[in-house]
Amino acid sequence: MHMSNKSLPARTLSVAPMLDWTDRHYRHMARQISHHAWLYTEMVTTGALIHGNRGCFLDFNECEHPVALQLGGSDTADLAQCAVIAAEWGYDEVNLNCGCPSERVQKGAFGACLMNEVDLVADGLKAMQDVVDIDVTVKHRIGVDKQEEYAVVRDFVGTIAEKAACKTFIVHARNAWLQGLSPKENREIPPLKYEYVYQLKRDFPHLEIILNGGVTDNDQVAEHLQYVDGVMVGRSAYHQPLTMMGEWDARFYGDAHAAMTLSKLVPVLQTYAEAQIQAGKGTQLRHMARHYLGLSHGMGGARQWRRTLSDAKLLAQSDAGLLAQAAQALGV
Ligand SMILES: Cc1cc2nc3c(=O)[nH]c(=O)nc-3n(C[C@H](O)[C@H](O)[C@H](O)COP(=O)(O)O)c2cc1C
(Lines give C-alpha, C1' and ligand atoms only; values in the text may rest on other atoms or scores of the structure.)
Protein backbone atom coordinates (compact mmCIF):
# COMPACT_ATOMS: atom_id res chain seq x y z
CA MET A 1 0.00 0.00 0.00
CA HIS A 2 1.20 3.47 -0.87
CA MET A 3 1.98 5.44 2.28
CA SER A 4 1.40 9.11 1.85
CA ASN A 5 3.83 10.88 4.11
CA LYS A 6 4.55 13.90 1.98
CA SER A 7 3.32 17.09 3.45
CA LEU A 8 0.83 18.39 0.95
CA PRO A 9 -0.50 21.90 0.49
CA ALA A 10 -4.09 22.73 1.36
CA ARG A 11 -6.74 22.47 -1.33
CA THR A 12 -7.20 26.23 -1.24
CA LEU A 13 -7.01 26.24 -5.03
CA SER A 14 -7.39 23.44 -7.50
CA VAL A 15 -7.77 22.95 -11.21
CA ALA A 16 -10.87 20.96 -12.14
CA PRO A 17 -10.83 17.58 -13.87
CA MET A 18 -11.65 18.24 -17.53
CA LEU A 19 -11.92 15.48 -20.10
CA ASP A 20 -9.63 16.04 -23.07
CA TRP A 21 -8.16 19.16 -21.44
CA THR A 22 -6.38 18.37 -18.18
CA ASP A 23 -4.03 15.74 -19.50
CA ARG A 24 -0.45 15.49 -18.24
CA HIS A 25 0.80 18.08 -20.71
CA TYR A 26 -1.69 20.68 -19.52
CA ARG A 27 -0.97 19.79 -15.90
CA HIS A 28 2.77 20.13 -16.46
CA MET A 29 2.18 23.66 -17.73
CA ALA A 30 -0.22 24.51 -14.90
CA ARG A 31 2.37 23.36 -12.38
CA GLN A 32 4.94 25.78 -13.76
CA ILE A 33 2.49 28.58 -12.97
CA SER A 34 1.21 27.50 -9.56
CA HIS A 35 3.46 25.36 -7.35
CA HIS A 36 0.75 24.63 -4.81
CA ALA A 37 -2.64 24.25 -6.47
CA TRP A 38 -4.06 20.74 -6.65
CA LEU A 39 -4.30 19.35 -10.16
CA TYR A 40 -6.92 16.81 -11.23
CA THR A 41 -6.69 14.36 -14.09
CA GLU A 42 -9.36 13.87 -16.68
CA MET A 43 -11.98 11.38 -15.54
CA VAL A 44 -10.86 7.80 -16.08
CA THR A 45 -13.46 5.05 -15.87
CA THR A 46 -12.85 2.07 -13.64
CA GLY A 47 -13.34 -0.18 -16.66
CA ALA A 48 -10.63 1.61 -18.63
CA LEU A 49 -8.21 1.34 -15.71
CA ILE A 50 -8.89 -2.30 -15.00
CA HIS A 51 -8.91 -3.49 -18.61
CA GLY A 52 -6.99 -0.83 -20.53
CA ASN A 53 -3.44 0.44 -20.88
CA ARG A 54 -2.78 1.87 -17.43
CA GLY A 55 0.27 3.89 -18.32
CA CYS A 56 -1.70 5.69 -20.96
CA PHE A 57 -4.30 6.79 -18.41
CA LEU A 58 -2.13 7.20 -15.35
CA ASP A 59 1.35 8.42 -16.22
CA PHE A 60 2.13 11.89 -14.91
CA ASN A 61 5.17 14.11 -14.58
CA GLU A 62 6.89 14.09 -11.20
CA CYS A 63 6.44 17.86 -10.94
CA GLU A 64 2.67 17.52 -10.93
CA HIS A 65 2.25 16.76 -7.21
CA PRO A 66 -0.16 17.33 -5.59
CA VAL A 67 -2.12 15.49 -8.24
CA ALA A 68 -5.46 13.68 -7.96
CA LEU A 69 -6.87 10.92 -10.12
CA GLN A 70 -10.55 11.27 -10.90
CA LEU A 71 -12.48 8.04 -11.33
CA GLY A 72 -15.80 7.40 -13.00
CA GLY A 73 -17.58 4.28 -11.85
CA SER A 74 -19.97 2.88 -9.31
CA ASP A 75 -19.09 -0.75 -8.72
CA THR A 76 -17.74 -0.99 -5.20
CA ALA A 77 -15.11 -3.64 -5.87
CA ASP A 78 -13.92 -1.91 -9.03
CA LEU A 79 -13.63 1.41 -7.24
CA ALA A 80 -11.59 -0.16 -4.47
CA GLN A 81 -9.31 -1.86 -6.97
CA CYS A 82 -8.81 1.42 -8.85
CA ALA A 83 -8.12 3.34 -5.65
CA VAL A 84 -5.27 0.92 -4.93
CA ILE A 85 -3.95 1.36 -8.46
CA ALA A 86 -4.08 5.16 -8.04
CA ALA A 87 -2.20 5.06 -4.75
CA GLU A 88 0.42 2.66 -6.07
CA TRP A 89 0.93 4.82 -9.13
CA GLY A 90 1.75 7.70 -6.80
CA TYR A 91 -1.37 9.86 -6.87
CA ASP A 92 -1.99 12.04 -3.83
CA GLU A 93 -5.77 11.72 -3.93
CA VAL A 94 -8.44 9.71 -5.66
CA ASN A 95 -11.69 11.48 -6.48
CA LEU A 96 -15.05 10.00 -7.45
CA ASN A 97 -17.05 11.77 -10.14
CA CYS A 98 -20.70 12.25 -9.16
CA GLY A 99 -21.21 15.31 -11.30
CA CYS A 100 -20.88 14.38 -14.93
CA PRO A 101 -24.23 14.52 -16.75
CA SER A 102 -23.33 13.03 -20.12
CA GLU A 103 -25.60 10.30 -21.42
CA ARG A 104 -22.73 7.99 -22.09
CA VAL A 105 -21.89 8.25 -18.42
CA GLN A 106 -25.50 7.77 -17.29
CA LYS A 107 -25.65 4.44 -19.11
CA GLY A 108 -22.71 3.23 -17.09
CA ALA A 109 -24.57 4.34 -13.93
CA PHE A 110 -22.04 6.82 -12.76
CA GLY A 111 -21.47 10.53 -12.84
CA ALA A 112 -24.26 12.88 -11.76
CA CYS A 113 -26.96 10.20 -11.68
CA LEU A 114 -25.14 8.81 -8.64
CA MET A 115 -26.55 11.73 -6.68
CA ASN A 116 -29.75 9.67 -6.60
CA GLU A 117 -27.84 6.66 -5.27
CA VAL A 118 -26.28 8.00 -2.14
CA ASP A 119 -25.92 4.60 -0.46
CA LEU A 120 -24.10 3.21 -3.46
CA VAL A 121 -21.77 6.24 -3.44
CA ALA A 122 -21.14 5.89 0.27
CA ASP A 123 -20.36 2.19 -0.13
CA GLY A 124 -17.99 2.93 -2.98
CA LEU A 125 -16.16 5.69 -1.13
CA LYS A 126 -15.88 3.58 1.99
CA ALA A 127 -14.50 0.66 0.02
CA MET A 128 -11.90 2.98 -1.49
CA GLN A 129 -11.04 4.57 1.83
CA ASP A 130 -10.60 1.14 3.43
CA VAL A 131 -7.81 0.14 1.07
CA VAL A 132 -5.69 3.29 0.65
CA ASP A 133 -4.05 5.93 2.79
CA ILE A 134 -4.36 8.73 0.27
CA ASP A 135 -7.37 11.05 0.48
CA VAL A 136 -10.59 9.79 -1.06
CA THR A 137 -12.80 12.67 -2.16
CA VAL A 138 -15.99 13.20 -4.12
CA LYS A 139 -17.05 15.78 -6.71
CA HIS A 140 -20.75 16.34 -7.15
CA ARG A 141 -23.53 18.80 -7.97
CA ILE A 142 -26.15 20.35 -5.71
CA GLY A 143 -28.91 18.18 -7.17
CA VAL A 144 -30.17 16.57 -10.32
CA ASP A 145 -33.06 17.60 -12.54
CA LYS A 146 -35.66 19.57 -10.59
CA GLN A 147 -34.36 18.93 -7.09
CA GLU A 148 -34.19 22.56 -6.02
CA GLU A 149 -34.05 22.29 -2.22
CA TYR A 150 -30.84 22.72 -0.27
CA ALA A 151 -31.81 19.60 1.72
CA VAL A 152 -30.87 17.43 -1.28
CA VAL A 153 -27.19 18.27 -1.22
CA ARG A 154 -27.16 18.54 2.57
CA ASP A 155 -28.43 14.97 2.91
CA PHE A 156 -26.10 13.70 0.19
CA VAL A 157 -23.08 15.15 1.97
CA GLY A 158 -24.31 14.26 5.43
CA THR A 159 -24.94 10.61 4.52
CA ILE A 160 -21.59 10.17 2.82
CA ALA A 161 -19.70 11.86 5.62
CA GLU A 162 -21.37 9.59 8.15
CA LYS A 163 -21.29 6.28 6.28
CA ALA A 164 -18.04 6.60 4.39
CA ALA A 165 -16.08 8.95 6.66
CA CYS A 166 -15.33 11.00 3.56
CA LYS A 167 -14.05 14.44 4.54
CA THR A 168 -13.59 16.35 1.29
CA PHE A 169 -16.47 17.41 -0.93
CA ILE A 170 -16.01 19.31 -4.16
CA VAL A 171 -19.32 20.91 -5.02
CA HIS A 172 -20.15 22.17 -8.49
CA ALA A 173 -22.72 24.72 -7.38
CA ARG A 174 -25.46 23.94 -9.89
CA ASN A 175 -27.81 21.08 -10.69
CA ALA A 176 -27.21 18.56 -13.42
CA TRP A 177 -30.20 18.14 -15.70
CA LEU A 178 -30.00 14.57 -16.84
CA GLN A 179 -32.26 14.97 -19.84
CA GLY A 180 -32.38 17.49 -22.63
CA LEU A 181 -29.10 19.32 -22.00
CA SER A 182 -25.71 18.57 -23.44
CA PRO A 183 -22.78 18.36 -21.00
CA LYS A 184 -21.72 21.82 -22.18
CA GLU A 185 -25.19 23.28 -21.53
CA ASN A 186 -25.10 21.55 -18.15
CA ARG A 187 -22.11 23.72 -17.25
CA GLU A 188 -23.92 26.89 -18.28
CA ILE A 189 -27.69 26.74 -17.95
CA PRO A 190 -28.64 25.39 -14.51
CA PRO A 191 -28.24 28.39 -12.19
CA LEU A 192 -25.29 28.66 -9.83
CA LYS A 193 -26.25 28.62 -6.16
CA TYR A 194 -23.12 29.46 -4.21
CA GLU A 195 -25.20 30.00 -1.08
CA TYR A 196 -25.88 26.24 -0.93
CA VAL A 197 -22.16 25.53 -0.83
CA TYR A 198 -21.57 28.16 1.85
CA GLN A 199 -24.40 26.61 3.85
CA LEU A 200 -22.74 23.18 3.60
CA LYS A 201 -19.65 24.60 5.27
CA ARG A 202 -21.79 26.14 8.03
CA ASP A 203 -23.71 22.89 8.57
CA PHE A 204 -20.62 20.66 8.39
CA PRO A 205 -17.75 22.80 9.70
CA HIS A 206 -15.54 19.73 10.24
CA LEU A 207 -15.70 18.78 6.55
CA GLU A 208 -13.52 20.25 3.82
CA ILE A 209 -15.87 21.98 1.38
CA ILE A 210 -14.52 23.05 -1.99
CA LEU A 211 -16.62 25.30 -4.21
CA ASN A 212 -16.63 24.91 -7.99
CA GLY A 213 -18.44 26.51 -10.90
CA GLY A 214 -18.33 29.78 -12.81
CA VAL A 215 -15.31 31.32 -11.09
CA THR A 216 -13.57 33.62 -13.56
CA ASP A 217 -11.19 35.82 -11.56
CA ASN A 218 -9.19 35.90 -8.37
CA ASP A 219 -11.34 38.48 -6.60
CA GLN A 220 -14.16 35.97 -6.85
CA VAL A 221 -11.82 33.32 -5.44
CA ALA A 222 -11.02 35.58 -2.48
CA GLU A 223 -14.72 36.21 -1.86
CA HIS A 224 -15.62 32.50 -1.87
CA LEU A 225 -12.72 31.68 0.42
CA GLN A 226 -14.41 33.66 3.15
CA TYR A 227 -17.05 30.94 3.29
CA VAL A 228 -15.47 27.69 2.11
CA ASP A 229 -12.13 25.88 2.39
CA GLY A 230 -11.17 25.97 -1.23
CA VAL A 231 -12.09 26.91 -4.77
CA MET A 232 -11.76 24.66 -7.80
CA VAL A 233 -11.43 26.44 -11.14
CA GLY A 234 -12.02 24.76 -14.48
CA ARG A 235 -12.53 26.67 -17.70
CA SER A 236 -10.82 29.90 -16.64
CA ALA A 237 -7.71 28.02 -15.57
CA TYR A 238 -7.68 26.43 -19.00
CA HIS A 239 -8.46 29.42 -21.20
CA GLN A 240 -6.39 31.99 -19.33
CA PRO A 241 -3.83 30.04 -17.33
CA LEU A 242 -1.40 32.84 -16.63
CA THR A 243 -3.93 35.47 -15.62
CA MET A 244 -5.90 33.01 -13.49
CA MET A 245 -3.21 30.89 -11.84
CA GLY A 246 -0.31 33.35 -11.95
CA GLU A 247 -1.41 35.03 -8.73
CA TRP A 248 -2.41 31.98 -6.77
CA ASP A 249 0.80 31.17 -4.92
CA ALA A 250 1.46 34.71 -3.73
CA ARG A 251 -2.11 35.67 -3.00
CA PHE A 252 -3.56 32.47 -1.57
CA TYR A 253 -0.61 30.33 -0.45
CA GLY A 254 1.64 33.03 0.96
CA ASP A 255 4.49 31.98 -1.34
CA ALA A 256 5.83 35.06 -3.05
CA HIS A 257 8.09 33.45 -5.64
CA ALA A 258 8.40 35.55 -8.76
CA ALA A 259 5.27 35.16 -10.85
CA MET A 260 5.59 33.10 -13.99
CA THR A 261 5.58 35.04 -17.23
CA LEU A 262 5.24 33.87 -20.79
CA SER A 263 8.86 34.75 -21.58
CA LYS A 264 10.07 32.60 -18.67
CA LEU A 265 7.64 29.83 -19.46
CA VAL A 266 8.37 29.38 -23.17
CA PRO A 267 11.87 27.89 -22.75
CA VAL A 268 10.59 25.56 -20.03
CA LEU A 269 7.78 24.35 -22.26
CA GLN A 270 10.12 24.01 -25.19
CA THR A 271 12.53 21.83 -23.22
CA TYR A 272 9.61 19.76 -21.97
CA ALA A 273 8.12 19.39 -25.44
CA GLU A 274 11.47 18.38 -26.92
CA ALA A 275 11.91 15.68 -24.30
CA GLN A 276 8.37 14.40 -24.80
CA ILE A 277 8.78 14.22 -28.56
CA GLN A 278 12.17 12.54 -28.28
CA ALA A 279 10.89 9.96 -25.82
CA GLY A 280 9.44 8.27 -28.91
CA LYS A 281 6.12 7.26 -27.41
CA GLY A 282 4.16 8.98 -30.12
CA THR A 283 3.84 12.35 -28.41
CA GLN A 284 3.87 15.16 -30.93
CA LEU A 285 4.08 18.90 -30.59
CA ARG A 286 0.38 19.35 -31.31
CA HIS A 287 -0.52 17.24 -28.25
CA MET A 288 1.12 19.88 -26.09
CA ALA A 289 0.72 23.08 -28.10
CA ARG A 290 -3.07 22.89 -27.98
CA HIS A 291 -2.92 23.47 -24.24
CA TYR A 292 -0.65 26.49 -24.63
CA LEU A 293 -3.04 28.58 -26.72
CA GLY A 294 -4.54 30.38 -23.72
CA LEU A 295 -1.16 31.51 -22.39
CA SER A 296 -1.28 34.70 -24.44
CA HIS A 297 -4.71 35.65 -23.11
CA GLY A 298 -4.97 39.40 -22.65
CA MET A 299 -1.64 40.16 -24.33
CA GLY A 300 -1.09 42.15 -27.48
CA GLY A 301 -0.46 39.75 -30.35
CA ALA A 302 -2.42 36.98 -28.64
CA ARG A 303 -4.08 36.06 -31.86
CA GLN A 304 -0.78 35.58 -33.66
CA TRP A 305 0.45 33.27 -30.91
CA ARG A 306 -2.67 31.17 -31.18
CA ARG A 307 -2.54 31.14 -34.95
CA THR A 308 1.05 29.90 -35.03
CA LEU A 309 0.45 27.23 -32.41
CA SER A 310 -2.66 25.91 -34.09
CA ASP A 311 -1.31 25.92 -37.64
CA ALA A 312 -1.62 22.31 -38.76
CA LYS A 313 1.24 22.56 -41.27
CA LEU A 314 3.67 24.05 -38.78
CA LEU A 315 2.64 21.62 -36.07
CA ALA A 316 3.09 18.67 -38.40
CA GLN A 317 6.85 19.20 -38.27
CA SER A 318 6.63 18.52 -34.54
CA ASP A 319 9.55 20.84 -33.81
CA ALA A 320 9.37 22.38 -30.36
CA GLY A 321 11.23 25.41 -31.70
CA LEU A 322 7.83 26.56 -32.93
CA LEU A 323 7.16 27.78 -29.39
CA ALA A 324 10.07 30.20 -29.50
CA GLN A 325 8.98 31.27 -32.95
CA ALA A 326 5.45 31.97 -31.72
CA ALA A 327 6.82 33.87 -28.73
CA GLN A 328 8.99 36.02 -30.96
CA ALA A 329 5.95 37.10 -32.89
CA LEU A 330 4.47 38.15 -29.57
CA GLY A 331 7.56 40.13 -28.73
CA VAL A 332 8.36 38.17 -25.56
C1 LIG B 1 -14.04 20.31 -21.42
C2 LIG B 1 -14.55 19.96 -20.05
C3 LIG B 1 -14.43 18.66 -19.59
C4 LIG B 1 -14.87 18.30 -18.31
N5 LIG B 1 -14.65 17.03 -17.85
C6 LIG B 1 -14.95 16.72 -16.56
C7 LIG B 1 -14.57 15.48 -15.99
O8 LIG B 1 -13.92 14.62 -16.63
N9 LIG B 1 -14.92 15.23 -14.69
C10 LIG B 1 -15.61 16.15 -13.94
O11 LIG B 1 -15.88 15.90 -12.77
N12 LIG B 1 -15.97 17.35 -14.45
C13 LIG B 1 -15.64 17.65 -15.73
N14 LIG B 1 -15.92 18.90 -16.21
C15 LIG B 1 -16.55 19.89 -15.32
C16 LIG B 1 -15.50 20.70 -14.58
O17 LIG B 1 -14.71 19.87 -13.75
C18 LIG B 1 -16.16 21.79 -13.72
O19 LIG B 1 -16.95 21.19 -12.73
C20 LIG B 1 -17.03 22.73 -14.53
O21 LIG B 1 -16.38 23.12 -15.74
C22 LIG B 1 -17.40 23.98 -13.71
O23 LIG B 1 -16.24 24.70 -13.34
P24 LIG B 1 -15.78 26.03 -14.16
O25 LIG B 1 -17.00 26.90 -14.27
O26 LIG B 1 -14.70 26.63 -13.32
O27 LIG B 1 -15.32 25.58 -15.50
C28 LIG B 1 -15.50 19.27 -17.48
C29 LIG B 1 -15.60 20.59 -17.96
C30 LIG B 1 -15.13 20.94 -19.22
C31 LIG B 1 -15.24 22.38 -19.68
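Residues numbered from 1 in each chain as written. Predicted model: local features only at pLDDT ≥ 70, side-chain atom pairs only at ≥ 80, totals over all residues. Heavy atoms only, no water.

Student: Help me get a handle on the UniProt feature "site: Interacts with tRNA" (unreviewed entry) in the protein chain, residues and values and all.
Tutor: Under the UniProt annotation, the feature "site: Interacts with tRNA" (unreviewed entry) is placed at Asn97, Lys184, Arg187, Arg303 and Arg306. With a sequence span of 210 residues, these residues are also far apart in the fold, their greatest C-alpha distance being 35.1 Å. Of the annotated set named above, Asn97, Lys184 and Arg187 line the largest pocket. Its place among the elements puts Arg303 in helix 15 (residues 302-309). (UniProt positions renumbered as here; feature names shortened; annotations may be inferred. 1 Å grid on protein atoms, 1.4 Å probe; cavity = no way out; pocket = protein on both sides within 12 Å on 5 of 7 lines; lining within 4 Å. Helix = DSSP H or I, 4+ residues; strand = E, 2+ residues; numbered from the N terminus.)

Student: Requested: an account of the domain arrangement of the protein chain, with residues and values cited.
Tutor: Along its sequence, the protein chain is carved into domain 1 (13-252) and domain 2 (262-330). The gap between the C-alpha centroids of domain 1 and domain 2 is 29 Å. With 17 residues of domain 1 at the contact, the number on the domain 2 side is 15 residues. With both sides pooled, the region where domain 1 packs onto domain 2 buries about 1400 Å², and carbon together with sulfur makes up 56% of that total. Of all residues in domain 1, His25, Met29 and Leu242 give up the largest surface area on contact with domain 2, accounting jointly for 37% of the area buried on that side. Summed over the shared surface of domain 1 and domain 2, the number is one salt bridge. One salt bridge in this structure joins Arg290 and Asp20, with 3.1 Å as the shortest N-O distance. At the boundary of domain 1 and domain 2, one finds eight residue pairs in polar contact (both at pLDDT 80 or more). (Domains from an automatic or database assignment. Contact = heavy atoms within 4.5 Å. Buried area = accessible area lost by both parts, 1.4 Å probe. Salt bridge = Lys/Arg side-chain N within 4 Å of Asp/Glu carboxyl O. Polar contact = N/O pair within 3.5 Å; in protein donor to acceptor, adjacent residues only side chain to side chain.)

Student: Just give me the short version of the UniProt feature "active site" (unreviewed entry) in the protein chain, but keep the residues and values in it.
Tutor: UniProt's entry tags Cys100 with the feature "active site" (unreviewed entry), counted in the numbering of this structure. Among the residues examined, Cys100 registers a relative accessible area of 18% and is labelled buried. (Buried < 20%, exposed > 50% of the residue type's maximum accessible area, 1.4 Å probe, protein only.)

Student: Describe the pairing of strand 8 (residues 230-233), with residues and values.
Tutor: Judged by which residues are buried, strand 8 turns out to be covered on both faces: Gly230 and Met232 on one side and Val231 and Val233 on the other are all buried. Pairing geometry for strand 1 (residues 13-15) and strand 8, over three bridges, is parallel. Bridge pairing in strand 8 links Ser14 to Met232. Here strand 7 (residues 208-212) runs beside strand 8; their pairing, made up of three bridges, is parallel. Of the residues in strand 8, the one forming a bridge with Ile210 is Gly230. A crossover links strand 7 with its parallel partner strand 8, the connecting element being helix 9 (residues 218-224), and its sense is right-handed. (Pairing = 2+ DSSP bridges. Right-handed = clockwise from strand over helix to strand, strands pointing away.)

Student: I'd like a description of the side chain of Gln70, backed by residues and values.
Tutor: Of note, Gln70 is situated in strand 3 (residues 67-72). There is a polar contact of 3.5 Å between the side chain of Gln70 and the side chain of Asn97. If we ignore the near neighbours within four places in the chain, the residues touching Gln70 are Pro17, Thr41, Glu42, Met43, Val44, Asn95, Asn97 and Lys139.

Student: Got a sec to walk through the site of the ligand? Specific residues and values, please.
Tutor: Surrounding the ligand, one finds 17 residues, the nearest of these being Gln70, Asn212, Gly214, Gly234 and Arg235. Take Leu19: an N or O atom from its main chain is 2.8 Å from a nitrogen atom of the ligand. One of the side-chain N or O atoms of Gln70 is found 2.7 Å from a nitrogen atom in the ligand. Surface burial for the ligand is 92%, taken as the share of its 600 Å² of free accessible area covered by protein chains. Structurally, the ligand is housed in the largest pocket. Looking at the shell around the ligand, its residues break down into seven nonpolar, seven polar and three charged. (Near = heavy atom within 4 Å. Areas by Shrake-Rupley, 256 points an atom, 1.4 Å probe, with all protein chains shown as cover. Sits in = over half its atoms within 2 Å of the grid points. Nonpolar A, V, L, I, M, F, W, Y, C, P; charged D, E, K, R; others polar.)

Student: So what's going on with the pattern of salt bridges? Which residues, and what values?
Tutor: Under the definition given, this model contains 14 salt bridges. For Arg27, the salt bridge goes to Glu64, with nearest N and O atoms at 2.5 Å. With Arg27 in helix 1 (residues 24-33) and Glu64 in the loop between helix 3 (54-58) and strand 3, the pair connects residues that are 37 residues apart, well separated along the chain. By relative accessible area, which is 0% here, Glu64 ends up buried. Salt bridges here are not isolated pairs; linked through shared partners, they connect Arg11, Glu93, Asp135 and Glu208.

Student: I'd like to hear about the environment of Pro17, residue by residue, with values.
Tutor: Within the fold, Pro17 resides in the loop between strand 1 and helix 1. Judged by relative accessible area, Pro17 falls into the buried class, the value being 11%. C-alpha separation for the pair Pro17 and Leu265, spaced 248 residues apart in sequence, amounts to 23 Å. Those residues in contact with Pro17 that sit more than four places away from it in its chain are Thr22, Tyr40, Thr41, Gln70, Lys139 and Met232.

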